[in-house]
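Understanding the architecture of this molecule
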Number of protein chains: 2
Amino acid sequence: MLDRVDLSEKLSKKHYKKIMDDLGERLGLAQRAARDAKRPIIIVFEGWRGSHRSAVINTIMQYMDARGFDVYSTVRMEHDEKAQPFFTFFWQHLPADGNIAVYHRSWYYLKNLNDITPDHEGCDHCKHMSFGHINAFEKVLTDDNYIVLKYFLHISEETQVKRLQKGEKTLGKAWREVNPAYDESNNYKEFYTRYDNMLEATNKPNAPWMVVAADDPEVAGIQVFTNIVERIENALEVGPQVTPEENREDVKYDELSKYEPYQELSKEQYKKELAKYQKKLAKLQIDMFRRGISAVIGFEGWDAAGKGGSIRRLTEAMDPLGYTVHPVAAPNAVERQFNHLWRFWINLPQPGNIAIFDRTWYGRVMVERLEGFAQPGEWQRAYEEMNDMEEQWAEHGMVVLKFWLQIDKDEQLRRFTDRQNTPNKQWKITEEDWRNRDKWEAYEDAVNEMIARTNKPYAPWVVVEGNNKYYARIKVIKTVCEAFEKRLKNKM
Amino acid sequence: MLDRVDLSEKLSKKHYKKIMDDLGERLGLAQRAARDAKRPIIIVFEGWRGSHRSAVINTIMQYMDARGFDVYSTVRMEHDEKAQPFFTFFWQHLPADGNIAVYHRSWYYLKNLNDITPDHEGCDHCKHMSFGHINAFEKVLTDDNYIVLKYFLHISEETQVKRLQKGEKTLGKAWREVNPAYDESNNYKEFYTRYDNMLEATNKPNAPWMVVAADDPEVAGIQVFTNIVERIENALEVGPQVTPEENREDVKYDELSKYEPYQELSKEQYKKELAKYQKKLAKLQIDMFRRGISAVIGFEGWDAAGKGGSIRRLTEAMDPLGYTVHPVAAPNAVERQFNHLWRFWINLPQPGNIAIFDRTWYGRVMVERLEGFAQPGEWQRAYEEMNDMEEQWAEHGMVVLKFWLQIDKDEQLRRFTDRQNTPNKQWKITEEDWRNRDKWEAYEDAVNEMIARTNKPYAPWVVVEGNNKYYARIKVIKTVCEAFEKRLKNKM
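For every chain, the first residue of the written sequence is number 1, and numbering continues from 1 along that sequence. By the order in which they are written, chains take letters starting at A while ligands take numbers starting at 1. It should be noted that, the model being predicted, local features are given only for residues of pLDDT at least 70 and side-chain atom pairs only at 80 or more, the latter also being counted only at that level, while totals for whole chains, interfaces and linings use all residues. Side-chain metrics rest on all non-hydrogen atoms present in the structure, leaving aside hydrogens and water.

All names here are of chain A. The strand order β2-β3-β1-β4-β5 describes an open sheet built from 5 strands, whose pairing is parallel. Unpaired on one side and paired on the other, β2 (69–72) and β5 (209–213) mark the two borders of the sheet. Strand-to-strand twist of the sheet, defined as the mean angle between neighbouring strand axes without regard to direction, takes the value 20°. Both strand β1 (residues 41–47) and strand β4 (residues 147–154) contribute to a ladder of 7 bridges, which runs parallel. Considered in β4, the bridge of I41 is made with I147. Strand pairing is defined by DSSP finding a minimum of two bridges between the two strands. Starting at the N terminus, helices and strands are each numbered in turn, a helix being any DSSP run of H or I of at least four residues and a strand any DSSP run of E of at least two. Between the N-to-C directions of two axes lies an angle of 0 to 180 degrees, each axis being a line fitted to C-alpha atoms and, for a helix, fitted only over the stretch in contact.

So, about helix α12 (residues 267–291) of chain A. Residue and element names in this part refer to chain A. Across its 25 residues, α12 extends 35 Å between first and last C-alpha, which sits within 8% of the 36 Å expected from 1.5 Å per residue. Note on classification: 1.4 Å probe, protein chains only; a residue is buried when its accessible area is under 20% of the maximum for its type, exposed when over 50%, partly exposed between these limits. Those residues of α12 lying buried are Y270, L274, Y277, Q278, L281, L284, Q285, I286 and M288. Elements in contact with the buried residues of α12: β6 (295–301), α13 (307–315), β7 (323–327), β8 (354–358), β9 (399–406) and α20 (469–489). Note on α12: the residue one or two positions beyond its end, G292, has a positive phi of about 70°. A helix's residues, less one, multiplied by 1.5 Å, set its expected span. Two residues form a contact once any of their heavy atoms are found within 4.5 Å.

Across a sheet, strands are paired by hydrogen bonds formed along the backbone, either parallel or antiparallel in direction. Residue and element names in this part refer to chain B. On the basis of which strands lie adjacent, the open sheet formed by 5 strands has the order β2-β3-β1-β4-β5 and parallel pairing. Edge positions in the open sheet fall to β2 (69–72) and β5 (209–213), since each of these has one partner strand only. In this sheet, adjacent strand axes meet at a mean angle of 20° when their direction is disregarded. Relative to strand β4 (residues 147–154), helix α11 (residues 217–238) is tilted by about 165°, and along the sheet it contacts β1 (41–47), β4 and β5.

We now examine the environment of V140(A). Residues and elements named next belong to chain A. In this fold, V140 is placed in helix α7 (residues 131–143). Taking the C-alpha atoms as reference points, V140 and H340, 200 residues apart in sequence, are found 9.7 Å from one another. If near-sequence neighbours (up to four positions away) are discounted, V140 is found in contact with W91, N339 and E385.

What follows covers the confidence of the model for chain A. All names here are of chain A. Residues with a pLDDT of 70 or more make up 91% of chain A, whose mean pLDDT is 89. pLDDT is a per-residue confidence score from the predictor, ranging from 0 to 100. In the predicted structure, residues 117–122 sits below a pLDDT of 50 and forms 5 contacts with residues beyond four places in sequence or in another chain. The ipTM for the predicted assembly is 0.78, set against a pTM of 0.85.

Let us now look at the nonpolar core. For this analysis, a nonpolar core means a set of buried residues of the types Ala, Val, Leu, Ile, Met, Phe, Trp, Tyr and Cys, connected via side-chain atoms within 4.5 Å. In terms of nonpolar packing, the biggest core is built from 281 residues, with W107(A) and W107(B) touching the most fellow members. Ignoring anything within four residues of it in the chain, the contact list for W107(A) reads I42(A), V44(A), T74(A), F86(A), F87(A), F90(A), I134(A), F137(A) and E138(A).

This next bit is on the packing of aromatic side chains. Stacked, tilted and edge-to-face are the three classes assigned to paired rings of Phe, Tyr and Trp, where Trp is represented by its six-membered ring and a pair needs centres within 6.5 Å; plane angles under 30 degrees give stacked, over 60 edge-to-face, the rest tilted. A complete count under the given rule lists 74 aromatic pairs over all chains for this structure. With a centroid separation of 5.4 Å and 75° between ring planes, the pair formed by F86(A) and F87(A) is classed as edge-to-face. The exposure class assigned to F86(A) is buried, which follows from its relative accessible area of 4%. A centroid spacing of 5.7 Å and a plane angle of 65° characterise the contact between F90(A) and Y103(A), whose relative ring orientation is edge-to-face. Of this pair, F90(A) sits in helix α4 (residues 88–92) while Y103(A) sits in strand β3 (residues 100–104), and the two are 13 residues apart along the sequence. Judged by relative accessible area, which is 0%, F90(A) ranks as buried. When the NZ atom of lysine or the CZ atom of arginine is within 6 Å of a ring's centre and also within 35 degrees of its normal, the charge is said to sit over that ring. The side chain of R312(A) reaches across the aromatic face of Y63(B), ending 5.8 Å from its centre. Seen from the ring of F191(B), R194(B) lies directly overhead, with NZ or CZ sitting 4.9 Å from the centre.

In structure tokens form, the structure reads like this:
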């Protein structure tokens, strides 16, 4: 794409101030309209070193309303943020509905793309990062009606050299564009190819690149500013788009019927095994912590299938500082202002810690699907969104495990009745549980499809035969132990 | 306090499980009641190394509803969190209304208290930390109806030695209580005195310590658990407390009248000075960043006094990655679930960055005072709360500056009228501005008191004569430059 840009273009400076002020006026209006329409806006600035990104951004920032507006940079990613899967940082700093986030160096700032230094191969952050993950991330956002604007500031080799020389004189600016700029400048052709590949690979209709001729910073500023204003105005005029329903083949998924919900395990055997695996788990937790390996363990299952009890048997043996249980209910007021995956990304465990989710992101393709809280297009694309998310976590070295606690309909009835008849258990059973039970068959279809489409080697579903609680609890804790052991043997 | 505890006490284990289950039942009820009453609960666990804090906490955790419940530890404070003023971590992890936070090692985990290692003097985090700040922090919370429970697990020297020896055998646990435990054990008497001093100094009626005999972990567990349940039950029964109005002397504060709101500065002179100081500021920002020194700059002033314009002149020259402007309006739904200072603590700048607040925490003693959004007891204690907060920031090395933009009543009328008559400025003027104007004299009294009571060497108020915008803008940017220069000369 870079060869289509005329770097010699000049714009009359005569009306520069006037043009910028007019654009500022329009931006102010558009920003307030976007807030009213609850449309979040993401503006990405990439480009050559020395392309004066900072100056362009700061000029435009002066016209923005500071409410609901933030600037971030991958370069300034903090130590702890770097220890997380790459996109965690961007999820954590995603703008809420109606807000704007500007990224000065974004998810395109991958060391293996931007550095030519010998150690760039070993960078944890981009070892597994691919344009595929980038396109998937942007698609999640634009499918969710985020307005995503991407600018690449392009300068000629000559201009870059000139600016580096000028920068050398102003000692004070040396910190900003130190060595990497010279790497780039000394290998302009190599980087030209890299950037060009990157632009081609990620120039998608939902999130297109605008490559800006930036040899003249004022020309660049006006071009970028005009495009920002026009694209926000257009997006607001067109209004939010609904992902179309997919053309679904009439597939009948069948996963749960492979499992016989009752499996024998005596109370005595249970006690013995529980003690054994809890001891083992306590030791494994320490090893995981020492190695900085974290784990995400999700629990799904029928109401009253025993999620709580299984989780308690897991956590009893662990150090309380090393695990967190996240109960997942309907999204709250804050969570509703973000994409449905946001609340899981921001709750990823610290290195060496274990995050247990009591119900998970899969609510999207179960309760939200069946109760109509998600549109057909929304839950249908969610399978791929969640696969990509879990793949990123696993590639980062996390253990990702998902349990489906399976009981049959009769067993559920027994447990519901028991809860209703036991005074201090009554709060655990609600009208909603009975309503969900009436939709058993519809849920069964949804669960079958979910397991079939998201059971991946990097993030497997484990169906737990749950009619016998003893058997179920042991299967859960044993599976966790085995997954940790397997992961610890892996050098990654 | 330690000598009043009988470490030889034994409790019959016969009913241990039964007692714990009953307590668990009550805790569940109390937790749900606290959620309904929107009362946040903080539980602090401190104590000797080897006092089995983890086991006690984990036992109690098993009975808790995981919703709205989190465990934190100072020991696990992340790298980036350590770079912030000490209490930032605790503000960031404060429980919201109705939630519970458990601290396994809390703000009492100060290295100069807990370590005997030679370098403990140099620890940034506790160099300036004093019991005074701790008591102030807890008072802010309990005044705001947080339930604060503090437990110190006390064991004898003999038990500690025994447990260390046992720990050595179980190699796996070595990571948890490595060297510091031996330091403590080798200097039991020294630490006994330290801990005793700490307990005495911070044992306040609003947040008393319970020292627990923990030679027998089951006895300790039951004692702590019983106390937690009883104290939460009691607090909920008594209901929220209102801080009584203070007995105020009839002081007439007089600060603003010392300033003549109009000061001369020609447009030509303004342009020259602005260019000079913007250039200087750009350089200073880089030095501040290099040194990791951050700054908090607050702007207050009459409506239409020119806060926005002054802020823009400051930020125009800066690198957009190094500063953030935080516009402060009425607290939103999330912010209302926390103490009034929370939203400022969580927006402290990263090391080397600059946070600009367009309106500040002083809203508490101006608009909230005058409109009755804060009770008299609440805004009256706020002066001291804010002084302590700013003192902590400054002790941590931050530059803390507060501007009051002063115009007279006639000048405000001129600007209001101008806004009303200029189409693209009309959105900047609302009915509320006119209503506030009617209360000019009451606001003047509040501002005078605010400046008089919170103008401190570590966080000075700078009154800016604002009738002439040129003069005001230069005074602001010049003051900022001087404060940065002064701070940079300081080695801290």
